[in-house]
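# Close look at the chain arrangement
Below are the chains, spelled out letter by letter.
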Amino acid sequence: MYFQKHIRYFNSYFSFTSFGVSIDHHLASARGNGVYCFKAHGQIYQRLDKLVAGGRGPRHMQLYFYDTNEIIANRVKRSPKLDTTLIRLILEIVQDNPYVLVFRNLGSVSNIAEYSIELNISISIDQRRYKAPRMDQVAAIWVDGNDPQQQRFSRRIIIYGSEDRPHYVRVYRGCYDPLAYPLFFPDGETGWEDKKIEYQIREGQFNVFFHAGWLFQQFAVDMYVKVESMRLDWYVKPAHQDIIRANLYKGLLDTHAVGEADASKASLRVVLSKDFPGSDRDVQARFMDAMTLVTRYGMPDFFITMTRNPYWDEIVAELLPRQTPQDRPDIVARVYHAKLLDLRDFLLKRSSWQAKLPHMKKYPELHKLVCKHMMHSPCRILNKDYPCMVDGECRFRYPRQDSRMITAIEVVYRLYAFKLYTMSPPVLQMQVHLEGMHMVAYKSTDNLNNNRPCSSLYREYPEHFTWNKLKKVWKPRKAKRIQIGRLVYANPAEGKRCYLRIILNHVRGATSYKNLRTWSDVTYETFRSMDNHLDSMSKDFCCTCDNSLRIEQMVLRDISYHLTSMGKDIRHYGLLELHETKFTEELNLGFDEDHLKIVDTLIAEQMAGYDEILDHVLKNKGHVFFVDGPGGTGKTYLYKALIAKVRSMDLIAVATATSGIAAFIMPSGRTAHSGFQIQIKLSGTTMCSFTKQSGTAELLRRATLIVWDEVAMTKRQAVEALDRSLQDIMGYEKPFGGKVTLFGGDFRQVLPVVPHAEADVWFADYLLKIGNGTEEAFDGDYVWLPDDISIQNHPEDDSIDILIDREFPDLVANCTSATYMREHAILSTRN
Ligand SMILES: Nc1ncnc2c1ncn2[C@@H]1O[C@H](COP(=O)(O)OP(=O)(O)OP(=O)(O)O)[C@@H](O)[C@H]1O
């Protein structure tokens with residue numbers, strides 16, 4: 001019992017390594033709720049120390065250098081309460097462990113500081129069997145003077161006697177488990193086997209994991225992190241990133257069209273692909289799939305959640321003596337999965353079913369329990385009186401924030417490879433490709449000529465046919481089970497492909513691309529309508545210019561402007577050639593002569609900023625500046641001076657601001673969203689939507705100064721998107737791709753955000769009336785303020801004190817309370 005209760009402690013005491021991860025200390029430890037959890041940043045690894053013990057005495061593998069009695073004495077020295085009989089027993093069990101043998105051998109040498117060990121980190125002994133490695137397979141020992149260049153193992157770590165630098169064993173190394181979990185792998189097995197097999201219950205077979213309590217939980221979570229880390233590592237590799245480029249196929253073709261051979265320059269950088277569960281794109285795709293079912297069958301009537309109860313009879317019946325469900329995440333995960341399948345079958349196979357509350361009078365207890373634990377209606381602002389509402393908050397904390405926490409049960413569920421989601425009927429994502437843009441999808445519909453239902457839409461095919469991925473043909477569906485088709489999304493900015501998608505959604509029984517373009521026996525050519533459109537657009541420009549070539553260019557530039565704002569390049573649309581690119585446009589922006597003179601009027605602080613920034617621009621030294629100052633202190637004035645100076649030297653200065661008004665004041669300024677093509681929906685990995693070969697990218701590549709005013713008003717993610725994109729197009733992993741970037745803004749002008757605050761309707765209306773000039777006024781432009789919102793001008797002129805007293809009652813007593821200070825504020829029109 002004692003051993004089981006402290007098994008994690010024992011394991012960490014006998015492990016050769018220590019657990020290494022950077023932990024978010026705000027979230028680490030029990031923090032009052034009793035469940036130990038921690039939030040890790042980055043990779044998890046095991047740490048190996050040098051051979052010579054540090055000032056705090058031997059630890060981990062260093063403890064093995066001594067003979068048994070000495071080890072026990074050493075271990076007891078570190079932890080006086082240790083049960084020595086138990087330690088002796090464990091040491092006996094691990095006595096043939098090859099790592100123990102290696103380290104124990106070192107115990108007999110006197111000058112250990114001069115030794116080093118070559119540790120084999122990727123042991124590849126027979127992994128299908130639980131066979132222990134031999135000592136010479138895990139490590140070799142050199143005495144002083146041996147040539148460490150003589151590499152014995154292909155992947156190794158050399159642990160030196162006295163070198164202070166610790167070594168890290170990454171999760172995917174074969175020796176990770178035996179070094180970290182000696183209690184599970186007493187003979188030093190690689191621990192590299194299929195974990196699904198390890199967690200199986202086998203009649204008559206002793207499985208150490210099921211007796212390890214907390215250590216099993218820790219091991220399972222560690223294994224899951226291992227799996228996940230390896231998958232993430234795969235995605236992070238540049239070679240694999242290239243494979244999963246967002247618009248791979250389309251991007252490749254586009255790239256060839258503009259003579260760009262390097263595919264990596266073709267499209268946006270994507271961190272995680274759709275195949276990674278939980279990634280943005282996976283969620284997006286599943287949302288679209290769900291909406292396909294909604295389109296087909298209507299809105300859902302029920303949203304059912306199923307929670308596991310660790311004390312379900314089926315779980316308790318399987319527990320070993322003295323075990324609690326927490327000790328057996330494997331059983332909990334299995335039973336939950338089985339019950340989930342049962343529920344799904346019940347819901348799907350029964351043609352009709354009803355969800356009924358137990359009768360209130362007949363089963364009062366049951367009724368109460370169901371209402372209490374199993375139902376939740378909209379609450380908070382939608383239903384303030386709902387029983388879950390306590391002090392204006394939902395006591396179940398709905399709606400819940402997204403969070404990602406891995407528990408041992410979830411981990412085992414994932415390691416068993418149980419499905420995370422299924423859809424019934426399933427949704428098939430159908431590709432939409434322009435002719436010649438893809439080899440497989442739409443063209444193959446030709447195979448349908450003989451047996452295609454002539455009234456079907458393309459997306460309805462899966463209901464009548466099955467798609468053979470290997471042969472790439474549709475075959476008539478035999479089974480009753482149907483599948484719903486969904487055409488993959490095409491952004492309107494994609495032009496032709498988007499139109500094709502719309503047409504596919506409307507034209508029934510089409511057999512070819514030509515057939516799709518045919519209407520009332522007339523086959524339309526691509527861009528025919530666009531040509532007409534060009535003619536009609538030019539009329540807008542005719543009144544400003546009479547040179548037809550110039551008008552043509554003006555129209556094209558206008559189209560290009562709109563396309564660029566959608567992240568596209570006019571060169572990919574087969575239109576006439578646009579001579580002036582965005583880049584040359586920006587070069588010819590010119591500057592205001594008056595702004596050049598501003599430099600003579602700058603005050604000392606402005607001048608210091610001007611000199612410093614200009615120096616970086618002239619020497620091309622990348623740096624990020626932030627100009628801070630309350631409103632009206634001359635920030636814009638400084639930008640004007642700088643921008644004029646940079647442009648006067650025929651260099652490019654890109655001037656942007658968050659709001660349209662601020663952008664208007666900047667010389668040839670534009671909003672940051674339009675200038676940098678920042679997407680509306682932002683996440684931690686969003687990039688700006690311009691492509692590497694677009695005009696915007698070229699402009700930013702050549703820009704020597706980038707100015708973004710009012711940056712305090714924008715979302716952090718927007719600035720981060722620009723940072724990522726600049727790094728991407730510059731191919732330089734320094735902030736903002738090594739550009740001189742000047743941000744300006746004033747956080748004092750950002751109003752505090754009060755979550756869930758309710759507007760005072762009367763006051764809002766009153767303010768609008770004043771703003772619109774419809775409030776009753778006297779003496780020209782004075783309005784009466786109602787008494788209850790104004791403070792009388794006191795004869796002793798202490799009205800400010802009165803205001804403070806009224807807004808901050810008991811200020812002295814509460815001034816240290818963060819909640820009190822958050823809830824009171826005096827806003828002033830002077831910023
Ligand atoms: N050194 C200076 N000499 C003369 N006038 C100046 C100087 N600096 C600023 N000003 C003037 O002060 C006024 C306010 O300056 P500016 O608009 O640059 O402030 P700001 O900090 O950008 O304000 P906000 O944060 O509200 O946008 C402008 O009319 C500007 O011409």
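Now for a quick tour of the structure. Values in this document were obtained by computation on a predicted structure and should not be read as measured data.

This next bit is on helix H12 (residues 280–297). For H12, with 18 residues, the first-to-last C-alpha span of 26 Å sits near the 26 Å given by 1.5 Å per residue. All buried positions along H12 are accounted for by Asp 282, Ala 285, Asp 289, Thr 292 and Leu 293. The buried residues of H12 all sit within an arc of 95 degrees when viewed along its axis, so they share a single face. Immediately downstream of H12, the backbone of Gly 298 shows phi near 95 degrees, a positive value.

Turning to the packing of aromatic side chains, a few remarks are in order. Throughout the structure, instances matching the rule amount to 23 aromatic pairs. Through a chain of ring-to-ring contacts, the aromatic side chains of Tyr 181, Phe 184, Phe 185, Phe 209, Phe 210, Phe 216 and Phe 219 assemble into a single cluster. The ring of Phe 210 has Arg 328 sitting right over it, with the charged end atom 4.1 Å from the ring centre. The ring of Trp 312 has Lys 339 lying over it, and the distance from NZ or CZ to the ring centre is 4.8 Å.

Our focus in this paragraph is the side chain of Arg 414. Structurally, Arg 414 is set in helix H16 (residues 408–415). On the basis of relative accessible area, Arg 414 is assigned to the buried category, the value being 18%. Excluding its chain neighbours within four sequence positions, the residues that come into contact with Arg 414 are Tyr 224, Glu 228, Pro 277 and Leu 420.

Glancing now at the sheet that holds strand S19 (residues 740–745). Strand order in the open sheet made by the five strands is S15-S19-S18-S16-S17, with parallel pairing throughout. Each end of this open sheet is capped by a strand with a single partner; those strands are strand S15 (623–628) and strand S17 (670–671). Taken together, the two bridges between strand S16 (residues 652–657) and S17 define a ladder with parallel strand orientation. Residue pairing for S17: Thr 656 is matched across the bridge by Arg 670. Lying on the sheet, helix H28 (residues 695–702) is in contact with S16 and strand S18 (703–709); it crosses S18 at an angle near 105 degrees.

Here we take up the site of the ligand. Around the ligand, a shell composed of 13 residues is seen, among which Gln 606, Gly 632, Lys 635, Thr 636 and Tyr 637 lie nearest. Interatomic distance of 2.9 Å between a backbone N/O atom of Tyr 637 and an oxygen atom of the ligand. In the shell around the ligand, the residues fall into four nonpolar, eight polar and one charged.

Looking at the secondary structure, you find Val 488 in the loop between strand S12 (484–487) and helix H18 (496–504). By relative accessible area, Val 488 is classed as buried at 11%. Distance from Val 488 to Arg 459, taken between C-alpha atoms, is 10.0 Å for residues 29 residues apart in sequence. Setting aside chain neighbours within four positions, we find Val 488 in contact with Gln 429, Met 430, Gln 431, Val 432, Arg 497 and Arg 501.

Within the secondary structure, Asp 709 is located in strand S18. The buried charged residue Asp 709 lacks any salt bridge partner; its closest oppositely charged side chain belongs to Lys 635, at an N-O distance of 6.2 Å.

Here helix H24 (residues 604–618) crosses helix H25 (residues 635–648) at 30 degrees, and the two axes come no closer than 10 Å. Taken together, H24 and H25 sit at an angle that is classed as roughly parallel. Considering the relative orientation of H24 and H25, their crossing is right-handed. Only Tyr 637, Leu 638, Ala 641, Leu 642, Lys 645 and Val 646 of H25 make contact with H24, whose side of the interface consists of Gln 606, Tyr 610, Ile 613, Leu 614 and Val 617.

Glancing now at helix H4 (residues 84–93). Those residues of H4 that fall on the buried side of the exposure criterion are Leu 86, Ile 87, Ile 90 and Leu 91. Within H4, the buried residues cover an arc of 135 degrees as seen down the axis, which keeps them to one side. Seen from the open side of H4, the exposed residues pointing more than 90 degrees away from its buried face are Thr 85 and Glu 92. For H4, the secondary structure elements touched by its buried residues are helix H1 (2–5), helix H2 (7–14) and helix H3 (68–78).

Going from Ser 424 to Pro 425, the amide bond is cis rather than trans, its omega being -5 degrees. Structurally, Pro 425 can be placed in the loop between H16 and strand S9 (427–430). For Glu 710, which is not glycine, the phi dihedral falls at a positive 55 degrees. Looking at where Glu 710 falls in the secondary structure, it is placed in the loop between S18 and helix H29 (716–730). Within the chain, Asp 810 stands out as a residue other than glycine whose phi angle is a positive 50 degrees.

Parameters and conventions
- Sequence order as written defines the numbering, with residues in each chain counted from 1.
- Only residues with pLDDT of at least 70 are given local features in this predicted model, and only at 80 or more are side-chain atom pairs given and counted; all residues enter the totals for whole chains, interfaces and linings.
- Hydrogens and water are ignored here; the side-chain numbers use all heavy atoms of the structure.
- Secondary structure elements follow DSSP: runs of H or I no shorter than four residues count as helices, runs of E no shorter than two count as strands, and numbering proceeds from the N terminus.
- Helix span, as expected, comes to 1.5 Å for every residue beyond the first.
- Remark: exposure states derive from per-residue accessible area (1.4 Å probe, protein chains only) relative to the maximum for the residue type, with buried under 20%, exposed over 50%, and partly exposed in between.
- Note that the arc is computed from the directions linking the helix axis to the C-beta atoms.
- In this scheme Phe, Tyr and Trp rings, the latter by its six-membered ring, pair at centre separations within 6.5 Å, and the angle between planes marks the pair as stacked below 30 degrees, edge-to-face above 60, and tilted otherwise.
- Charge over a ring is defined by NZ of Lys or CZ of Arg lying within 6 Å of the ring centre and within 35 degrees of the ring normal.
- Residue contacts are defined here by distance: any two heavy atoms, one from each residue, within 4.5 Å place the two residues in contact.
- DSSP calls a pair of strands paired once it identifies at least 2 bridges connecting them.
- Orientation is described by axes fitted as lines to C-alpha atoms, over the contacting stretch for helices, and by angles from 0 to 180 degrees between their N-to-C directions.
- Near, as used in this document, describes a residue that has one of its heavy atoms within 4 Å of the molecule or strand being considered.
- N or O atoms closer than or at 3.5 Å make up a polar contact, with two conditions inside protein: a donor-capable atom paired with an acceptor-capable one, and, for residues adjacent in sequence, both atoms drawn from side chains.
- Residues are grouped as follows: Ala, Val, Leu, Ile, Met, Phe, Trp, Tyr, Cys and Pro are nonpolar; Asp, Glu, Lys and Arg are charged; all remaining types, including Gly, are polar.
- Asp and Glu count as negative and Lys and Arg as positive, but His and the ends of the chain are not part of the count.
- Take a side-chain nitrogen of Lys or Arg and a carboxyl oxygen of Asp or Glu: if they are within 4 Å of each other, that pair is a salt bridge.
- With respect to orientation, any angle under 35 degrees is reported as roughly parallel, any angle over 145 as roughly antiparallel, any angle of 65 to 115 as roughly perpendicular, and every other angle as oblique.
- Helix crossings get a hand from a simple test, with the near helix turned counterclockwise from the far one by less than a right angle marking a left-handed crossing and a clockwise turn marking a right-handed one.

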